[in-house]
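Given next are the chains, with one letter for each unit.
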Amino acid sequence: MFCHLNAMPADPILGLLVKYKQDENPLKIDLGVGVYKNELGHTEILNCVKKAEKYRLETEDTKVYIGPTGSAQFNDEMTKLIFGTHKVLFEDRVRTISTPGGTGALRVAAEFINTCKPGATIWVSNPTWANHMALFQAAGLTVKTYPYYDYENKCLDFEGMLAALKDVSNDDVVLLHACCHNPSGMDLTNNQWQQIAEIAKDIGFMPLIDMAYQGFGTGLDEDAYGLRLLADSVNEMIVCSSCSKNFGLYRERIGACSLVGKSTLIVEKAFTVLLSIIRGIYSMPPAHGAAIVEIILSSDELRAQWYQELKIMRDRINNNRQLLVNKLKSKGVTRDFSFITHQAGMFSFLGITAQQVKQLQDEYSIYMVDSSRMSIAGIATNNVDYLAQSIAKIL
Ligand code: LMR
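Remember, it's a predicted structure, so these values are computed and weren't measured experimentally.

Conventions adopted
Residues numbered from 1 in each chain as written. Predicted model: local features only at pLDDT ≥ 70, side-chain atom pairs only at ≥ 80, totals over all residues. Heavy atoms only, no water. Helix = DSSP H or I, 4+ residues; strand = E, 2+ residues; numbered from the N terminus. Rg over C-alpha atoms; globule rule 2.2 N^0.38 Å. Buried < 20%, exposed > 50% of the residue type's maximum accessible area, 1.4 Å probe, protein only. Contact = heavy atoms within 4.5 Å. Areas by Shrake-Rupley, 256 points an atom, 1.4 Å probe, with all protein chains shown as cover. Lys, Arg positive; Asp, Glu negative; His and termini not counted. Charge placed at Lys NZ, Arg CZ, Asp CG, Glu CD. Phe/Tyr/Trp six-rings, centres within 6.5 Å; stacked < 30°, edge-to-face > 60°. Lys NZ or Arg CZ within 6 Å of the ring centre and 35° of its normal. Near = heavy atom within 4 Å. Polar contact = N/O pair within 3.5 Å; in protein donor to acceptor, adjacent residues only side chain to side chain. Nonpolar A, V, L, I, M, F, W, Y, C, P; charged D, E, K, R; others polar. Domains from an automatic or database assignment. Salt bridge = Lys/Arg side-chain N within 4 Å of Asp/Glu carboxyl O. Patch = residues over 30% accessible without salt bridge, like charges linked within 9 Å, V, L, I, M, F, W, Y side chains within 5 Å.

### Here we look at the overall build of the protein
Helix and strand counts for the protein come out as 15 helices and 13 strands. Taken over C-alpha atoms, the radius of gyration comes to 21 Å for the protein, in line with the 21 Å a tight globule of 395 residues would show. In terms of its C-alpha atoms, the protein occupies a principal-axis envelope of roughly 65 × 55 × 55 Å. Relative to its full complement of 395 residues, the protein shows a buried share of 55%. Sequence-distant contacts, at least 24 apart, represent 75% of the contacts inside the protein between residues at least 6 apart. Per element, the accessible surface of the protein, about 17,900 Å² overall, is 52% carbon and sulfur. Charge centroids of the protein, computed over 38 positive and 43 negative side chains, lie 3 Å from each other.

### Quick word on the packing of aromatic side chains
The final tally for this structure, using the stated rule, is 9 aromatic pairs. Judged by centre distance (5.6 Å) and plane angle (85°), the rings of Y20 and Y367 are edge-to-face. Here Y20 is found in helix α1 (residues 14-22), whereas its partner Y367 is found in strand β12 (residues 366-367), with 347 residues between them in sequence. Take Y20 and Y367: they sit in the same class, and that class is buried. Taken together, the aromatic side chains of Y149, Y151 and F349 make up a single cluster linked through ring pairs. The ring of Y20 has K28 lying over it, and the distance from NZ or CZ to the ring centre is 4.5 Å. For the cation-ring pair, K154 lies above F339, with the distance from its terminal atom to the ring centre recorded as 5.8 Å.

### Regarding the site of the ligand
Residues in contact with the ligand, as listed here, are I13, V33, G34, W129, N182, Y213, K245, F347 and R373. G34 places a polar main-chain atom, nitrogen or oxygen, 2.7 Å from an oxygen atom of the ligand. At a separation of 3.2 Å, an oxygen atom of the ligand approaches a polar side-chain atom of K245. Burial of the ligand by the protein amounts to 82% of the accessible area it has alone, namely 260 Å². Taken together, the residues that form the shell around the ligand break down as 5 nonpolar, 2 polar and 2 charged. Of the domains in this structure, domain 1 (12-43 + 302-394) and domain 2 (65-298) are the two that each give at least three residues to the shell around the ligand.

### Section: the pattern of salt bridges
All chains considered together, the criterion is met by 18 salt bridges. Of the charged contacts, one joins R93 and E91 as a salt bridge, the two residues approaching to 2.7 Å between their closest N and O atoms. With a closest N to O distance of 3.0 Å, R228 and D221 form a salt bridge. Judged by its relative accessible area of 14%, R228 falls in the buried class.

### Examining a nonpolar patch on the surface
There is a patch of nonpolar side chains on the surface, built from M1, F2 and L5 and spanning about 460 Å² of accessible area. Locating L5 in the fold gives a position in the segment before α1. With a relative accessible area of 57%, L5 lands in the exposed category.

### Section: the environment of A120
With respect to the element layout, A120 can be found in the loop between α5 (101-116) and β3 (121-126). On the accessibility criterion, A120 (1% relative accessible area) is buried. Separated by 10 residues in the primary sequence, A120 and A110 have C-alpha atoms spaced 9.5 Å apart. Among all residues touching A120, those that are not within four sequence positions of it are I113, N114, L141 and T142.

Printed below as a string of structure tokens:
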């Protein structure tokens, strides 16, 4: 059965990790996978997570099955984190489940959409996270793109985006990144979200929100502005969120998928469908990551500590943006890279060719995705000089 299979190429993002690990150059820099790193290039465990794990170890009293919804307390806390005090909560129109990471949430959402409407069209931004297309297609959806990033002018192609969304049908799905757009770092302003919400209301398409970086853009509530606005304007939507980045729980695989329905009755029915889909895929989500998050979010002390640690991560990434732009200037680079400081979250495109990306990797051991997407968290005061110098050389 396996004999006729052809080997698959390495994943464009995760494959870089392997190459980076094998590289023996002491000056190597990892700007590949979207993982937060401190000044020493290390992805530490957050202190609030350490404390929650200690508490968990002391108090956990069973390992019995958790059920397809996952932990009810985690689901409640995540619903509040995502929607704040939005009326959909009081109208009892949201149902949230724990999922194996944000990717698990997206895949479950895609399977759910395909159950609602087999082969439904989902519109994704051009560009979008490298895994979105494959993931949606694997679930049976038809993927189309809307313009998003203007590569030439290094800004949002908002006119193009609006024009394309006006042509979407009312039974299509539109994927929107809540914040920290991956890979461009180019986010919608509040005013632009208002215009998107108007179109969603007029046409009636269903938004699917990918929120993998809540708290990494401007703040926890600010980053959820667009999705909360959409929840005012549409009857149905799905939100997929991740605790990988903001809680640093990358390997625990914990995220959430929230369904918003027109009424309690409708969302309750939809929820049963979602649960039966999960039963057929992984049956139940892992419990450990959810337990850590619920302990943190339900403790005033740990929650306050998490806010602080999240702010430290957000501020460091933002400082790195300025650091790189200043350093490039100091190396005599005349090309304008100031756009990097106007973008948000973990990523920006450097805006060089795939050939130049390869040159950076082969000659300088600097790793980024072929599209020139850089994970800004990989920049540090002790490598930015070498980084800017190397970029200056390949330019
Ligand atoms: C990324 O885009 O680098 C992250 O979301 C990690 C991943 O799974 O691709």
